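Structural overview
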Amino acid sequence: MVRKLAAQGVSHPDVLRAMGEVERHRFVDTALVNQAYEDTSLPIGLGQTISKPNVVARMLELLLHGRSVPLGRVLEIGTGCGYQAAVLSRLCVEVYSIERLRGLHDKARLLLSPLRVPNLHLLFGDGMQGFAPGAPYAGIIAAAGGDDVPQAWTDQLAVGGRLVAPAHLGQGVQSLVVIDRTATGLQRTVLEPVQFVPLKSGVG
Ligand code: SAH
């Protein structure tokens, strides 16, 4: 998988290392294990999906861009099965990962427990509000996309911090958005179209 990622243009050595360290097959159902290292998104239950390795790598490269590893405190919205959270825990000092579906929060807890990741904190709740107790964050990364990036997220971003998230920015197209907080304010860059599951409010 890592060789494929490198061939597809993923070049950040820490991203490639971390993705090589986390076994993706641990996070998918037994019936899908033989597809675990393919560049494809896979169902994880409750209508949600684990992102393609290539998309995970792209987002992590954007998050780390120009910054030293390990990055400081990072917030992930959408724990899902916990795969990306496990990768993030190898690239950041501390990771807070929040999930709104109880079933997936419990599943991630179960799948992550044998990996013993002391710097990863799994939270159950509505990530639209961010997670204020851990703020400010050096990085915020979302695996679900809404109509725009919630203001709570940019409010919780440290100066010098970066947010990477999908968002629908008109014409029904979902795009990858990067927001940097500089000393003078927020700087927003819209990148390529992507397909993430919807960001929903409340818990379920
Ligand atoms: N990073 C995950 C991808 C999971 S898909 C992985 O590696 O498996 C995105 C997840 O975002 C889904 O589990 C969905 O339930 C969750 N989600 C959507 N809206 C949310 C919200 N407001 N707060 C927290 N999680 C949310």
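Below or above, wherever it landed, is the structure these notes cover.

Each value, and the rule that gives it
Residues numbered from 1 in each chain as written. Predicted model: local features only at pLDDT ≥ 70, side-chain atom pairs only at ≥ 80, totals over all residues. Heavy atoms only, no water. Buried < 20%, exposed > 50% of the residue type's maximum accessible area, 1.4 Å probe, protein only. Helix = DSSP H or I, 4+ residues; strand = E, 2+ residues; numbered from the N terminus. Arc of directions from axis to C-beta. Contact = heavy atoms within 4.5 Å. Near = heavy atom within 4 Å. Polar contact = N/O pair within 3.5 Å; in protein donor to acceptor, adjacent residues only side chain to side chain. Areas by Shrake-Rupley, 256 points an atom, 1.4 Å probe, with all protein chains shown as cover. Core = buried A, V, L, I, M, F, W, Y, C linked by side-chain atoms within 4.5 Å. Salt bridge = Lys/Arg side-chain N within 4 Å of Asp/Glu carboxyl O.

Before going further, it helps to examine helix α5 (residues 102-112). Of all the positions in α5, only Leu104, His105, Ala108 and Leu112 are classed as buried. Relative to the axis of α5, the buried residues are bounded by an arc of 105 degrees and lie together on one face. Looking at the packing, one finds that the buried side of α5 touches β1 (42-45), β2 (48-50), α4 (83-89), β4 (92-99) and β5 (120-124).

Note on placement: Gly78 falls in the loop between β3 (71-77) and α4. Those residues in contact with Gly78 that sit more than four places away from it in its chain are Ile98, Glu99 and Ala143.

Here we come to helix α2 (residues 13-21). Within the span of α2, buried status applies to Val15, Leu16, Ala18 and Met19. Projected down its long axis, α2 shows its buried positions confined to an angular sector of 165 degrees, all on one face. Of the exposed residues in α2, those oriented more than 90 degrees away from the buried face are Pro13 and Gly20.

Taken together, 27 residues lie near the ligand, and Cys81, Glu99, Asp126, Gly127 and Lys200 sit nearest. In this structure, Gly78 approaches the ligand through a main-chain N or O atom, which is 3.2 Å from a nitrogen atom. Residue Asp126 places a side-chain N or O atom 2.9 Å away from a nitrogen atom belonging to the ligand. Taking 590 Å² as the accessible area of the ligand by itself, protein coverage stands at 99%. Those elements that place two or more of their residues in the shell around the ligand are β2, β3, α4, β4 and β11 (197-198).

Turning to the nonpolar core, a few remarks are in order. Grouped together as the largest cluster of nonpolar side chains are 46 residues, with contacts concentrated most on Phe27 and Tyr83. When residues in this core are grouped by element, the largest group, 7 residues, is from helix α3 (residues 53-64). Membership of the second largest hydrophobic core comes to 19 residues, among which are Tyr96, Val149, Trp153 and Leu157.

Our focus in this paragraph is the pattern of salt bridges. Within the structure shown, the criterion is met by 9 salt bridges. Residues Arg26 and Glu23 are paired through a salt bridge, measuring 2.8 Å at the closest nitrogen-oxygen approach. Exposure remark for Arg26: the relative accessible area of 33% places this residue in the partly exposed category. According to the relative accessible area criterion, Glu23 is partly exposed, its value standing at 35%. The closest approach of N and O atoms between Arg188 and Asp148, which form a salt bridge, is 3.1 Å.

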